[in-house]
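Structural overview
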Amino acid sequence: MAATVIDGKAFAAKVRERVKAHVTRLVEEHGVMPGLAVVLVGENPASEVYVRSKGKATREAGMKSVEHKLDAATSEADLLALIGELNRDETIHGILVQLPVPDHIDADKVLAAIDPAKDVDGFHISNVGLLGTGQKAMVPCTPLGCLMMLREELGSLSGMEAVVIGRSNIVGKPMAQLLLKDSCTVTIAHSRTRDLPGVVRRADIVVAAVGRPNMVTSEWIKPGATVIDVGINRIEKPEGGTRLVGDVDYEDVAKVAGAITPVPGGVGPMTIACLLANTVTACCRKLGLAEPE
Ligand code: NDP
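Residues numbered from 1 in each chain as written. Predicted model: local features only at pLDDT ≥ 70, side-chain atom pairs only at ≥ 80, totals over all residues.

Topic: the overall build of the chain
Across its full length, the chain holds 10 helices and 11 strands. Computed over its C-alpha atoms, the radius of gyration of the chain comes to 19 Å, within 12% of the 19 Å expected for a compact globule of 293 residues. Projected onto its principal axes, the C-alpha coordinates of the chain cover approximately 50 × 40 × 35 Å. By the burial criterion, 44% of the 293 residues in the chain qualify as buried. Considering only contacts within the chain whose residues lie at least 6 apart along the sequence, 67% involve residues at least 24 apart. (Helix = DSSP H or I, 4+ residues; strand = E, 2+ residues; numbered from the N terminus. Rg over C-alpha atoms; globule rule 2.2 N^0.38 Å. Buried ≥ 20, exposed ≤ 12 C-beta atoms within 10 Å, placed from the backbone. Contact = placed C-beta atoms within 7 Å.)

This is the structure we're talking about:
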């Protein structure tokens, strides 16, 4: 039987509607408009696309959106000074520095400079620690979006075998923490994992966050498993031009999996929706108000 397609785009639209309704209440009942500042250093075309779509989504949700586009030669000190200003700015509730930053800037230092309460990407070491110890944290947007789709599809995740392929700080590790918090039995696989297909075949839930086009094939998948594809890879089409594919061979895996996210239209839209939700969460926490679900 063919897999259920998990429509991230449609789910993200629902999340964005909920966020927008929450923003309307914050503005009407409390006179506060959540604000998100996005900082981009240099001219990375992919980053520019992300920043533009984040700004657009923020405005569409009725929030304040501020974009700071800095020259590639901007010094680390100037970037840190801007972050200091945004930390102090009462109208800004979320700050996101688009990664990667140019080589002469220490990304860890930049992330550490963001007020953890405004760290809507959830990359500050305080938020990493809070998440790792099961406390209230700002949770990185991509894994949060994956978790929301898994809960929507499967209900309780308790007791399930989950395999996360990839151990990056922005996707793999926080994803594993979230699945553990939801009482899955979690394995984190990576480039040194022995018999990766055998490890993945154990999983009820597979999250692929690798960056290798179509790596995961149907032989790796336990029949009925739920497969979340985080990968975004641009490949050449035989007829010319390029297209986006995930880390999962979609057509092949869809024959065996119980449910699967497509690329594009799966994890990507949920990531942006979760960024908006995190900004509202940050705003509500600051004001001591109820947070969005
Ligand atoms: P990283 O490059 O930081 O991490 C990739 C991970 O994959 C590493 O842990 C690496 O292992 C592992 N890996 C590499 N090759 C193999 C292999 N052959 N077998 C098993 N594991 C392997 O990537 P990110 O986590 O930042 O991103 C992963 C993918 O997700 C990318 O395609 C990225 O574009 C996409 N992405 C999508 C987002 C979205 O919104 N949809 C958001 C963020 C990322 P090791 O540690 O051993 O090197």
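Regarding the sheet that holds strand β2 (residues 35-41)
Read across the open sheet, the 3 strands follow the order β3-β2-β4; overall the sheet is parallel. Whereas interior strands pair on both sides, the edge strands pair on one side only; in this sheet they are β3 (64-70) and β4 (94-97). Neighbour-to-neighbour, the strand axes of this sheet turn through a mean angle of 15°, independent of strand direction. With 7 bridges connecting them, β2 and β3 associate as parallel partners. (Pairing = 2+ DSSP bridges. Axes fitted to C-alpha atoms, helices over the stretch in contact; angles between N-to-C directions.)

Topic: the nonpolar core
Membership of the largest hydrophobic core comes to 91 residues, with the highest contact counts inside it found for Val164, Val206 and Val207. The biggest single contributor to this core is helix α10 (residues 267-287), with 11 residues. Of the residues that make up this core, three or more belong to each of domain 1 (30-120) and domain 2 (141-267). The residues contacting valine 164, other than those within four sequence positions of it, are Gly172, Met175, Ala176, Val186, Ile188, Ala189, Val207 and Ala209. (Core = buried A, V, L, I, M, F, W, Y, C linked by C-beta atoms within 7 Å. Domains from an automatic or database assignment.)

Some thoughts on the packing of helix α6 (residues 141-154) against α10
Pairs of packed helices are described in terms of their axes, by the angle between the two and the distance that separates them. Two numbers describe how α6 lies on α10: the axes approach to 8 Å, and their chain directions differ by 110°. Put simply, α6 runs roughly perpendicular to α10. Taking contact as the criterion, the partners of Cys141, Thr142, Leu144, Gly145, Cys146, Met148 and Met149 in α6 are, on α10, Val267, Met270, Thr271, Ala273, Cys274, Leu275 and Asn278. For the contact of α6 with α10, the class distribution of residues is 10 nonpolar, 4 polar and no charged. (Parallel < 35°, antiparallel > 145°, perpendicular 65-115°, else oblique. Nonpolar A, V, L, I, M, F, W, Y, C, P; charged D, E, K, R; others polar.)

Considering the site of the ligand
For the ligand, the set of nearby residues contains 25 residues, the closest of which are Gly166, Ser168, Ser191, Gly211 and Thr271. If one sorts the elements of the shell around the ligand by residue count, α10 sits on top with 3 residues. Taken together, the residues of the shell around the ligand break down into 10 nonpolar, 12 polar and 3 charged. (Near = placed C-beta within 6 Å.)

Examining the UniProt feature "domain: Tetrahydrofolate dehydrogenase/cyclohydrolase catalytic" (unreviewed entry) in the chain
According to UniProt, the positions carrying the feature "domain: Tetrahydrofolate dehydrogenase/cyclohydrolase catalytic" (unreviewed entry) are residues 6-121. A distance of 24 Å separates the end C-alpha atoms of residues 6-121, which is 51% helix and 16% strand. (UniProt positions renumbered as here; feature names shortened; annotations may be inferred.)

Some thoughts on the UniProt feature "binding site: NADP(+)" (unreviewed entry) in the chain
The sites that UniProt annotates as "binding site: NADP(+)" (unreviewed entry) are Gly166, Arg167, Ser168 and Ile232. Relative to the helices and strands, serine 168 resides in the loop between β5 (161-165) and α7 (172-181). Not counting residues up to four positions away in its chain, the partners in contact with serine 168 are Lys173 and Ala209. Within the secondary structure layout, isoleucine 232 lies in the loop between β8 (226-229) and β9 (233-236). Assessed through the 18 C-beta atoms surrounding it within 10 Å, isoleucine 232 is described here as partly exposed. If near-sequence neighbours (up to four positions away) are discounted, isoleucine 232 is found in contact with Leu244, Val263 and Gly268.

Some remarks on the environment of aspartate 229
Assignment of secondary structure puts aspartate 229 in strand β8. Judged by local crowding, aspartate 229 falls into the buried class, with 28 C-beta atoms found within 10 Å. Residues aspartate 229 and valine 263, spaced 34 residues apart in sequence, show a C-alpha to C-alpha distance of 7.2 Å. Contact partners of aspartate 229, with chain neighbours within four places excluded, come to Ala208, Gly246, Asp247, Val248, Thr261, Val263, Gly266 and Val267.

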